[in-house]
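Each chain is listed here by its residues.
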Amino acid sequence: QRRSAWSVPACSDFVAGNGPAELRRTAPAVERATKVPSNPSEPVTRRVFFNFPFRLGLNGIGNTGWQQANALVELGHDVVIATPRCEGVVRVVHTFETRRFAVIRRPRGLSGVERMLRAHGARAASLFRKLHRDAAFDVVHCWPRGSIKLLDAARDTGVPTFYDRPNTHVVHGFEVVHRENVRLGLADGPPPAMDDRQRREVAEYDASDFLLCPSEAVADSFRDRGYADDRLIRTRYGCDLETFQVD
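To keep things clear, this report deals only with the structure shown in the data block. (Residues numbered from 1 in each chain as written. Predicted model: local features only at pLDDT ≥ 70, side-chain atom pairs only at ≥ 80, totals over all residues. Heavy atoms only, no water.)

### Concerning the environment of arginine 46
Here's step 1: Along the polypeptide, arginine 46 turns up in the loop between helix H2 (28–34) and strand E1 (47–51).
Here's step 2: Separated by 93 residues in sequence, arginine 46 and valine 139 place their C-alpha atoms 7.3 Å apart. (Helix = DSSP H or I, 4+ residues; strand = E, 2+ residues; numbered from the N terminus.)

If you want it as structure tokens, here you go:
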């Protein structure tokens, strides 16, 4: 059965227990994170570590991450956020900005951006380990390109991980662009081999328990590369009705 038949409105609802029956992990931590209370009216509270490696609250994915974090808080979950900088007001006390007091300079080229992402990821993983010792987390929700060390830390502690995938598999995207370049006569031959950035991103996919896919196109790009269906969780993004209105 295709995953489009699922009804998984958002990551926050999945954390609350409305997820698939088949789970990649069988550890008690996963059972705690996805258990539905016997009384439907009983509030379900999870302790969530939310890692966003970019500036939270900016337009684009920054706003998407901001909405996700606030939705988790509104549902009553205990949320800890790790982000380089938070540009919006998040209704949560535990927000850690890994670059708020750093001297912010524009990164020079892609290598500079990657160094910033790796630095944030290392700080987020260290923060997770420290806070987890004091009060255990039930779930890790993370975004791409700055989460590999956090994913490793979560695996070491047995905390299930949900990896937000706002676009198709990174190799799929490059292959599509290469095909179009060949069609237009701008390139020839096979697609180039994966570079270091792509390999790091694929490593994050493989280190995650679940991949949050906002469309069937995204999910299919992972199925086509052998990812198991029970790891691909169909989610939906939304829109801010205070900003976008229909006449």
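Having put the structure on the table, let's press on.
### Here we look at the pattern of salt bridges
Here's step 1: Within the structure shown, the criterion is met by 14 salt bridges.
Here's step 2: One salt bridge connects arginine 145 with glutamate 114, and the closest N-O pair in it is separated by 2.4 Å. Of this pair, arginine 145 sits in the loop between strand E4 (139–142) and helix H5 (148–157) while glutamate 114 sits in helix H4 (residues 109–134), placing them 31 residues apart in sequence.
Here's step 3: Taken together, the shared-partner salt bridges in this structure form one network comprising Glu216, Asp220, Arg223, Asp229 and Arg234. (Salt bridge = Lys/Arg side-chain N within 4 Å of Asp/Glu carboxyl O.)

### Some remarks on the pairing of strand E5 (residues 161–164)
Here's step 1: Because side chains alternate across E5, one face comprises the buried residues Thr161 and Tyr163, and the other comprises Phe162 and Asp164, equally buried.
Here's step 2: Two strands pair when backbone bridges link them, and E4 and E5 are joined in this way by three bridges, in the parallel orientation. From the neighbouring strand, valine 140 faces E5, where its bridge partner is threonine 161.
Here's step 3: Each parallel crossover has a hand, and the one from E4 via H5 to E5 is right-handed. (Buried < 20%, exposed > 50% of the residue type's maximum accessible area, 1.4 Å probe, protein only. Pairing = 2+ DSSP bridges. Right-handed = clockwise from strand over helix to strand, strands pointing away.)

### Observations regarding helix H3 (residues 61–74)
Here's step 1: The terminal C-alpha atoms of H3 lie 20 Å apart, and with 14 residues this matches the ideal 20 Å at 1.5 Å per residue to within 8%.
Here's step 2: All of the buried residues along H3 are Gly62, Gly65, Trp66, Gln68, Ala69, Asn70 and Leu72.
Here's step 3: Residue glycine 76 follows H3 closely and has a positive phi angle near 95°. (Expected span 1.5 Å × (residues − 1).)

### Things to note about the nonpolar core
Here's step 1: Ranked by internal contacts, the top residues of the largest apolar core, which has 29 residues, are Phe49, Phe128, Val140, Tyr205 and Leu211.
Here's step 2: Looking at this core, the elements with two or more residues in it are strand E2 (78–83), H4, E4, H5, helix H6 (170–183), helix H7 (196–207), strand E6 (210–213) and helix H8 (216–223).
Here's step 3: Ranked by residues supplied to this core, first place goes to H4 with five residues. (Core = buried A, V, L, I, M, F, W, Y, C linked by side-chain atoms within 4.5 Å.)

### A word on the side chain of glutamate 201
Here's step 1: Mapped onto the elements of the fold, glutamate 201 is located in helix H7.
Here's step 2: A distance of 3.0 Å separates the side chain of glutamate 201 from the side chain of tyrosine 205, its partner in a polar contact.
Here's step 3: Other than its neighbours up to four places away in sequence, glutamate 201 contacts Arg145, Tyr163, Arg165 and Val170. (Polar contact = N/O pair within 3.5 Å; in protein donor to acceptor, adjacent residues only side chain to side chain. Contact = heavy atoms within 4.5 Å.)

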